[in-house]
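Residue-level structural notes
Listed here are the chains, written in short residue letters.
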Amino acid sequence: MLAYGHGDVRAFEVLYARHRATLFRFLLRSCRERATADEMFQETWSRVIAARERYRVEAKFTTWLLQIAHNLLIDQMRRHRPQAGAEETEEVFRTLDAPESEQPERVLSEFEQRRRLQRALEDLPDEQRTAFLLRMENGLGLDEIAAVTEVGAETVKSRLRYAFAKIRTRFAE
Amino acid sequence: MSHKDADDREFDALLSGADSELARLYRKLPQAEPDAKLDAAVLSMAHRALNPHLVAATQQAPRRRRAPTWLVGFGTAAGVVMAAGVAWQMRAGLEQQAATEALRQASTPGSMAEVVSVSPILRDAPRPAAAPPPPALEPPRAPSAADKANSTASAMAPAAPPAPAKPKPVDALKNDKRAMDMIAPREEVQSLARNAQPDAFPQAPVEAESRAKAQAPSPAKEAVVVTGQRADAQRLRERGMDDLNSVERKSALAAGVRRDEGYALEKDKKQESASGRVSAKAVASADAAA
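What counts, and at which threshold
Residues numbered from 1 in each chain as written. Chains lettered and ligands numbered in written order. Predicted model: local features only at pLDDT ≥ 70, side-chain atom pairs only at ≥ 80, totals over all residues. Heavy atoms only, no water. Patch = residues over 30% accessible without salt bridge, like charges linked within 9 Å, V, L, I, M, F, W, Y side chains within 5 Å. Areas by Shrake-Rupley, 256 points an atom, 1.4 Å probe, with all protein chains shown as cover. Salt bridge = Lys/Arg side-chain N within 4 Å of Asp/Glu carboxyl O. Helix = DSSP H or I, 4+ residues; strand = E, 2+ residues; numbered from the N terminus. Buried < 20%, exposed > 50% of the residue type's maximum accessible area, 1.4 Å probe, protein only. pLDDT = per-residue confidence, 0-100. Contact = heavy atoms within 4.5 Å. Arc of directions from axis to C-beta. Phe/Tyr/Trp six-rings, centres within 6.5 Å; stacked < 30°, edge-to-face > 60°.

Let's talk about a nonpolar patch on the surface
Residue and element names in this part refer to chain B.
- Together, Trp70, Leu71 and Phe74 give the surface a local cluster of nonpolar side chains, amounting to about 400 Å² of exposed area.
- Among the secondary structure elements, Phe74 is positioned in helix 5 (residues 69-107).
- Overall, the relative accessible area of 57% leaves Phe74 in the exposed class.

Next comes the structure, spelled out in structure tokens:
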């Protein structure tokens with residue numbers, strides 16, 4: 001990114017090739033609309049290009065890139081969708097605490113498992129889904145997720161735990 | 001309790017990045033990627049950011065496409081050529097028309113032009129105040145002094161200018177005066193007027209004078225006409241009202257002959273002086289106009 005800030009277009013092409021897929025999937029699975037994901041993907045890179053001369057090496061480029069994308073996602077979610085409430089979290093905990101006899105064990109096909117995971121991700125609250133995606137899609141650790149989402153590491157860990165529990169619940173249905 | 005422990009272990013594996021069932025399942029999800037169009041847009045954006053002159057070129061290109069210079073120049077030149085051709089055609093037509101008019105004017109003599117401008121007025125102008133009786137209805141009679149004057153005037157008329165009764169400037173009146181002199185000398189006109197009967201002017205002499213001034217701009221000509229009317233009235237008066245037919249009676253009444261009028265010569269003599277004054281006034285006014 002520093003090389004691109006000094007006028008090296010090839011450096012930008014390398015950066016883009018390295019992060020394009022993971023960034024796009026993070027955006028697509030966060031907003032769940034292809035057109036919106038395209039728009040935010042282009043807007044994210046546009047902001048990267050505009051900030052090329054102000055860029056300082058204070059964190060990983062991936063963290064900075066995902067931070068930009070996350071902010072765009074937050075803005076978009078605030079415009080189109082309310083935040084998830086606490087009732088949904090309580091419902092997850094009740095399901096997790098249910099007896100084993102009430103949770104039917106089923107052997108699901110791999111296709112069905114992927115479909116359920118997809119739907120479970122869509123049903124997650126935005127903060128939990130973002131933390132889960134940043135961990136699973138982009139491989140960020142707790143501190144990096146905390147930096148991207150601008151919350152504490154413990155908050156990130158809690159969000160990840162809630163997200164994991166809901167996904168498991170969906171698999172158990 | 002074992003299920004919860006299994007979940008905790010799997011969650012710890014998720015945090016540590018170790019391979020887990022959920023991570024494997026997640027990797028099997030569809031791996032969506034941006035399409036080539038989106039990649040091109042982002043890369044183009046990065047290139048334009050480093051080369052602003054490319055942006056200016058791309059912004060000016062549509063402007064050039066919108067208004068091609070050669071097309072504007074060609075259109076202007078075509079318009080100028082067309083306007084010049086139309087102007088040339090119009091100028092040629094005007095020149096031809098002017099030449100035709102000049103030829104027509106050159107072939108026409110100036111005297112003819114004057115005659116043409118005057119002759120239509122001649123036919124309408126000499127209308128006396130009192131319509132004279134139609135000459136075709138006059139019965140044969142012995143020639144009198146008034147008839148002699150009329151015949152003299154008509155014999156000399158072709159030599160006179162054709163428009164004596166029309167309102168004219170002073171030069172024209174002078175011409176008329178000369179024509180009247182040619183028709184009949186002033187003394188002859190005065191004698192004829194003296195011989196005419198005064199009853200030809202039944203109204204007051206002042207009224208007759210004003211009517212003569214208003215309707216007859218040429219006093220000399222008016223004198224001839226008045227003399228002719230008086231001669232007709234004299235003729236009718238000599239015949240007497242009882243001998244006239246209906247048409248002649250109407251003409252006599254229009255000329256001022258009264259029904260009960262006899263051949264009172266004394267009365268005629270009295271009025272003769274009045275008619276002489278009218279004729280003298282007419283001659284005087286003709287002289288003044290001349």
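Description of the confidence of the model for chain A
- With 83% of its residues at a pLDDT of 70 or more, chain A shows a mean pLDDT of 80.
- Predicted confidence for residues 95-106 of chain A stays below pLDDT 50, and this span has 14 contacts to residues more than four positions away or in other chains.

With respect to helix 8 (residues 142-149) of chain A
All names here are of chain A.
- Of the positions making up helix 8, those classed as buried are Ile145, Ala146, Val148 and Thr149. For helix 8, the buried positions fall inside an angular range of 165 degrees around the axis, keeping them on one side.
- Those residues of helix 8 that are buried lie in contact with helix 4 (61-80), helix 7 (126-136) and helix 9 (153-172).
- Just beyond helix 8, the residue with positive phi is Glu150, at close to 60 degrees.

Thoughts on the packing of aromatic side chains
- Per the counting criterion, the structure on display carries 12 aromatic pairs over all chains.
- With a centroid separation of 6.1 Å and an interplanar angle of 80 degrees, the aromatic rings of Phe132 of chain A and Tyr26 of chain B are classed as edge-to-face. With Phe132 of chain A in helix 7 and Tyr26 of chain B in helix 2 (residues 21-27), this residue pair bridges two chains. The burial state of Phe132 of chain A is the same as that of Tyr26 of chain B; both residues are buried.
- Through successive ring pairs, a cluster of aromatic residues spans Tyr4, Phe12, Tyr16, Phe24, Phe41 and Trp45 of chain A.

Observations regarding the pattern of salt bridges
- Applying the stated rule across the entire model yields 11 salt bridges over all chains.
- Each of Arg20 of chain A together with Glu33 and Asp39 of chain B takes part in one network of salt bridges that share partners.

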